[in-house]
Amino acid sequence: QVQLQESGPGLVQPSQTLSVVCSVSAGSITTLGYAWSWIRQPPGKGLEWMGFIRSDGGTSYSPALKRRTSISRDTSKNHFSLQLTSVTPDDAAVYFCARMSSNGLHFVDFHSWGRGTQVTVSS
């Protein structure tokens, strides 16, 4: 069973870049038919999809966050990462990584999730 685990700094200063890493085991981030996503949940709010990276390295981002968001990967480590620039306190959230599967047209159905890592934005 594929497992995902987030890791991050815990605390990021305003205007700086937030970086979190998702470590994947028992499954390859290069396997066709899956996309690897970042989702966040601010306190008291719902889940917000941020973007994903495909098995071929292509990416897609939420329009609301595209300007500040970059998802990358290290295939040798089977990791994928999120960078969010120019953070504000509104970016404080629990950040999750998750695997999506393809229905032939869209990536849907978040089968596997990490436990999430909390990121606080504070000076």
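Summary of the structure given here. As the structure is a computational prediction, the values presented were derived from the model and not from experiment.

Cut-off values and rules
Residues numbered from 1 in each chain as written. Predicted model: local features only at pLDDT ≥ 70, side-chain atom pairs only at ≥ 80, totals over all residues. Heavy atoms only, no water. Disulfide = S-S within 2.5 Å. Helix = DSSP H or I, 4+ residues; strand = E, 2+ residues; numbered from the N terminus. Buried < 20%, exposed > 50% of the residue type's maximum accessible area, 1.4 Å probe, protein only. Pairing = 2+ DSSP bridges. Contact = heavy atoms within 4.5 Å.

### Notes on the state of the cysteines
Then comes step 1: This structure, assessed with the given rule, holds 1 disulfide.
Then comes step 2: One disulfide in the model links cysteine 22 with cysteine 97; its S-S distance is 2.1 Å. Here the disulfide of cysteine 22 and cysteine 97 is right-handed, its torsion about the S-S bond being about 65°. Here cysteine 97 lies in strand S9 (residues 93-102) and cysteine 22 lies in strand S3 (residues 18-25), a separation of 75 residues in the sequence. Per residue, the accessibility class of cysteine 22 equals that of cysteine 97, and both read buried.

### Remarks on the pairing of strand S7 (residues 69-74)
Then comes step 1: Where S7 meets strand S8 (residues 79-84), 6 bridges bridge the pair, whose relative direction is antiparallel. Of the residues in S8, the one forming a bridge with aspartate 74 is histidine 79.
Then comes step 2: Remark: 4 residues form the turn of the hairpin made by S7 and S8, two consecutive strands paired antiparallel; asparagine 78 in that turn has positive phi of roughly 60°.

### Points about the environment of alanine 92
Then comes step 1: Position of alanine 92 among the secondary structure elements: in the loop between S8 and S9.
Then comes step 2: Note: C-alpha distance between alanine 92 and arginine 54 (38 residues apart in sequence) is 26 Å.
Then comes step 3: Residues contacting alanine 92, with those up to four places away along its chain left out, are Pro42, Pro43, Val119, Thr120 and Val121.

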